[in-house]
Structures are given as structure tokens and as C-alpha cells.
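So you can see what is in the structure, the chains are spelled out below.
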Amino acid sequence: MTKQTLPTFIKNLVKIITARPQVPPSLDNNQLLHTILNRRSIRHFADHEMPDDVFNAILETGRVAPSTVNLQTWSFSIFTGETWQELFGQPIPLNGKRAIIILSDTHRGKQVMQFFPHKPLVEYTLGVINASLAAMNMNIAAEALGVASVMLSETGRSGFLDAKYLKEKLSLPDGVFPLMTIILGYPKSGYRAMPPKLPLDQICFTGKYREAELGILNDWFSQMFTGYKAEHPFSTFDAQLELYRSKIDQAEKDLQTMVFYEANGDASLR
Ligand SMILES: Cc1cc2nc3c(=O)[nH]c(=O)nc-3n(C[C@H](O)[C@H](O)[C@H](O)COP(=O)(O)O)c2cc1C
């Protein structure tokens, strides 16, 4: 999609601005539900710092997250503004006050569980699943404490698309993969509208897989296009997708090397 008429743009904008997460009236007083439903990715943070106890409480919710066989296949590389600046030579992206690089980590457990068979794809999947759940726990905890956040996989070379770069920067052993960085801070202004989410009846089905309706999918994508344009008047959604496309080829090669060969000790394939 490269162009959008003004009436379509306005119609989509109205849909985006008026869309609200649905809470059944019987559950309207459930605070956790509201916290989860009203969470937004925030990309502009205020100048004031975050107290240590707040940050530590957020980390603690990552520590106790659920994981396959309780293997806790994650590590968190944590930063203040100063330590981020020291390592990366620039401030935390988006004026964030703290950052957590979420790492999938099957390396640590292997120190005491030698029986673990070398099955790279299973290991990688396991690590990604568990570490992502820990990340989401921390994301929701932050929100509950009045701290805003965004997870980054691309912005500021902070996620799996820059896995090789981060592996070097963080001196990661084989079996440890960067997934995303959670940037935390207090929101600079109010929360923006919810970006377009697909309706429940397009993502749920009973039993066998059911294709989504093409008309609804097209409408959603058109709203995504509008939402991006509204927030980035001097860029386009297509340009952003192109940027991702250009990074994906390299990221695929880097990840294949890291997941399939390095963990196998096969240096000849690097
Ligand atoms: C794993 C992951 C990586 C993300 N990477 C980026 C990123 O690099 N840059 C960015 O601006 N937003 C990033 N986001 C935020 C998404 O764009 C955001 O979650 C999505 O647009 C939905 O908005 P919401 O979180 O407000 O519901 C990422 C989100 C996730 C879960």
C-alpha cells in the first residue's frame, strides 16, 4: 500500500481514536484487567528517574515468571542511563531511564544439566518462549507501578535483529540470544490511542484453524497504514517496512549461525 485517500485516512483515524478494549460490565472493577488492557507502548519518556525499589520489583516479576519445566531459560542484562551510555556510547533510546535486555539463555542450565541433548531449534524455541513470558511479566508489573515501557527489537539496535552486534557487546556465550530490550521510564505525555487490533472473532476459532476474512484483514492493514502516517507525518509505513526488510536478510544469516552452528561448536560454518 503506497497511497491512501483523505476520506479513508480520516475514516481510519476515527476508528483508531474511538476503539476501546472491551471489559464486560461484570468485571469493570478488576484493576489488573484494566492495567493490562490499557497498557500502551510508550516512546517518549519524562526526565525524572526511577527509584531502585520500583525497578527491582519489576525485575522480581521476571524472576518468578513461569517457564518450561521451571528451567528459567532467561537472563536479564540491566542498565541505568550511565551504564547504557558506557557500553553503547549513546543514551538509552527514547530518553528511557532504565533498560533490560531480555536474553534467551539455555547456556546457564547446561552447567548443571549435562543430559540436555543438543537440539538447537528446540532449545532456541524454548528459550524464546520462556524469556518472552518473563518480559511480559515485567512489562505488566511496570504498568501496575505507573511505569511506562516499550519493547524494542529494532530501534537502537536493541533486539534480535541485531543479535550478532549485541552478542559481541554483551560478551554472550553460545546458547544466549538477545531477544528484545524493555525500555522503562515515566511517560512524558498521556497515552496515545490503541493501535489497531484485530477483532476477537478473527483470531479465535474452535478447534480447527479458520482463515480470517480478507476484508477485515485489509481494513486492519489500512488502519495500520493510517496510524503510522498520523504519528510519523514525514515517513510512511511502507518505508518502515522496507527498513525492516533490509535488516531481515542479515539478521536471518546471523541468527542461523548463532543458533545452529556456534552452539554446536562448528566454527568452520561461521
Ligand atoms: C518483541 C517486540 C519488539 C518490538 N520492537 C519495537 C521496536 O524496535 N521499535 C518500536 O518502536 N516498537 C517496538 N515494539 C512495540 C510494538 O510496535 C507495539 O507493541 C505494537 O505497535 C502494539 O502497540 P501497543 O504495545 O501499544 O499495543 C516491539 C514490541 C515487541 C513485543
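All of these numbers come straight from a predicted model, not from anything done at the bench.

**Here we look at the sheet that holds strand 3 (residues 148–152)**
At step 1: Taken together, the four strands give an open sheet; going across it, the order is 1-2-4-3, and neighbouring strands pair in antiparallel fashion. Each of the sheet's edge strands pairs with one partner strand only, and the pair in question is strand 1 (74–80) and strand 3. Shown here is a sheet whose adjacent strand axes are inclined to one another by a mean of 20°, direction ignored.
At step 2: Two strands pair when backbone bridges link them, and strand 3 and strand 4 (residues 176–185) are joined in this way by five bridges, in the antiparallel orientation. Looking at strand 4, one finds that Val-150 is bridged to Ile-183.
At step 3: With respect to the sheet, helix 3 (residues 52–63) is in contact with strand 1, strand 2 (98–105) and strand 4, its orientation differing from that of strand 1 by roughly 170°.
At step 4: The strands touched by helix 6 (residues 120–144) within the sheet are strand 1, strand 2, strand 3 and strand 4, with strand 4 carrying the most contacts at an inclination of about 5°.

**Here's the deal with a nonpolar patch on the surface**
At step 1: Where nonpolar side chains cluster on the molecular surface, the patch consists of Leu-6, Ile-10 and Val-14 and spans about 290 Å² of accessible area.
At step 2: Judged by its relative accessible area of 58%, Leu-6 is exposed.

**Observations regarding the site of the ligand**
At step 1: Around the ligand sit 13 residues, and of these Arg-40, Ser-41, Arg-43, Thr-155 and Lys-197 come closest.
At step 2: Separating an oxygen atom of the ligand from a side-chain N or O atom of Arg-39 is a distance of 2.9 Å.
At step 3: In the model, a nitrogen atom of the ligand is placed 2.8 Å from a nitrogen or oxygen of the Ser-153 main chain.
At step 4: Protein burial of the ligand: of its 620 Å² of free accessible surface, 69% is covered by the chains.
At step 5: According to the grid-proximity analysis, the pocket containing the ligand is the largest pocket.
At step 6: A class-by-class count of the residues in the shell around the ligand yields four nonpolar, three polar and six charged.

**What about a negative patch on the surface?**
At step 1: Taken together, the side chains of Asp-47, Glu-49, Glu-82 and Glu-86 make up a negatively charged region of the molecular surface.
At step 2: One can find Glu-82 in helix 4 (residues 81–88).
At step 3: You can call Glu-82 exposed: its relative accessible area is 57%.

**Structural notes on helix 1 (residues 6–18)**
At step 1: Taking 1.5 Å per residue as the helical rise, helix 1 with its 13 residues ought to reach 18 Å, and the 18 Å between its terminal C-alpha atoms agrees with that figure.
At step 2: Inspection of helix 1 places Phe-9, Asn-12 and Ile-16 among the buried residues, and these make up the whole buried set. Axial view of helix 1: buried residues confined to an arc of 70°, hence all on one face. Facing away from the buried side of helix 1, by more than 90 degrees, are the exposed residues Leu-6, Pro-7 and Thr-18.
At step 3: For helix 1, the secondary structure elements touched by its buried residues are helix 9 (214–231).

**Description of the layout of surface pockets**
At step 1: Its boundaries defined by the atoms lining it, the largest pocket holds a volume of some 1,300 Å³.
At step 2: Lining the largest pocket are 40 residues, with Ser-41, Arg-43, Arg-192, Glu-231 and His-232 sitting closest to its centre.
At step 3: Mapped by element, the contributors of at least two residues to the lining of the largest pocket are helix 1, helix 6, strand 3, helix 9 and helix 10 (237–261).
At step 4: Broken down by element, the lining of the largest pocket gets its largest block of residues, six residues, from helix 9.
At step 5: In the lining of the largest pocket, the residues fall into 22 nonpolar, 11 polar and seven charged.

**A look at helix 10**
Along an α-helix, a turn takes 3.6 residues, which lines up residues three or four apart on a common side.
At step 1: A rise of 1.5 Å per residue sets the reference length of helix 10, with its 25 residues, at 36 Å; its end C-alpha atoms lie 35 Å apart and thus fit the reference within 8%.
At step 2: In the structure, helix 10 departs most strongly from a straight axis at Ile-248, where the bend amounts to approximately 30°.
At step 3: For helix 10, the set of buried residues is Phe-237, Gln-240, Lys-247, Ala-251, Asp-254, Leu-255, Thr-257, Met-258 and Val-259.

**Some details on the packing of aromatic side chains**
A ring pair, where both rings are aromatic, is described by two values, the distance of the centres and the angle of the planes.
At step 1: Under the definition given, this model contains eight aromatic pairs.
At step 2: With a centroid separation of 5.8 Å and 50° between ring planes, the pair formed by Phe-79 and Phe-88 is classed as tilted. Just as Phe-79 is buried, Phe-88 falls in that class too.
At step 3: Their ring planes at 35° and their centres at 6.3 Å tell us that Phe-88 and Tyr-165 sit as a pair that is tilted. Placement of Phe-88 in helix 4 and of Tyr-165 in helix 7 (residues 163–169) is noted, with a sequence separation of 77 residues between them.
At step 4: Its relative accessible area of 10% is what places Phe-88 among the buried residues.
At step 5: An aromatic cluster is built from Phe-79, Trp-84, Phe-88 and Tyr-165, whose rings are joined through pairwise contacts.
At step 6: The ring of Tyr-165 carries the charged tip of Arg-157 above its face, separated from the ring centre by 3.9 Å.

Rules of the game
Residues numbered from 1 in each chain as written. Predicted model: local features only at pLDDT ≥ 70, side-chain atom pairs only at ≥ 80, totals over all residues. Heavy atoms only, no water. Pairing = 2+ DSSP bridges. Helix = DSSP H or I, 4+ residues; strand = E, 2+ residues; numbered from the N terminus. Axes fitted to C-alpha atoms, helices over the stretch in contact; angles between N-to-C directions. Contact = heavy atoms within 4.5 Å. Patch = residues over 30% accessible without salt bridge, like charges linked within 9 Å, V, L, I, M, F, W, Y side chains within 5 Å. Areas by Shrake-Rupley, 256 points an atom, 1.4 Å probe, with all protein chains shown as cover. Salt bridge = Lys/Arg side-chain N within 4 Å of Asp/Glu carboxyl O. Buried < 20%, exposed > 50% of the residue type's maximum accessible area, 1.4 Å probe, protein only. Near = heavy atom within 4 Å. Polar contact = N/O pair within 3.5 Å; in protein donor to acceptor, adjacent residues only side chain to side chain. 1 Å grid on protein atoms, 1.4 Å probe; cavity = no way out; pocket = protein on both sides within 12 Å on 5 of 7 lines; lining within 4 Å. Sits in = over half its atoms within 2 Å of the grid points. Nonpolar A, V, L, I, M, F, W, Y, C, P; charged D, E, K, R; others polar. Lys, Arg positive; Asp, Glu negative; His and termini not counted. Charge placed at Lys NZ, Arg CZ, Asp CG, Glu CD. Expected span 1.5 Å × (residues − 1). Arc of directions from axis to C-beta. Points joined across faces, edges and corners; volume = space filled by probe spheres on them. Bend = angle between axes of the 7 residues up to and from the residue. Phe/Tyr/Trp six-rings, centres within 6.5 Å; stacked < 30°, edge-to-face > 60°. Lys NZ or Arg CZ within 6 Å of the ring centre and 35° of its normal.

Keep in mind that these numbers describe shape and distance, not what the molecule does.
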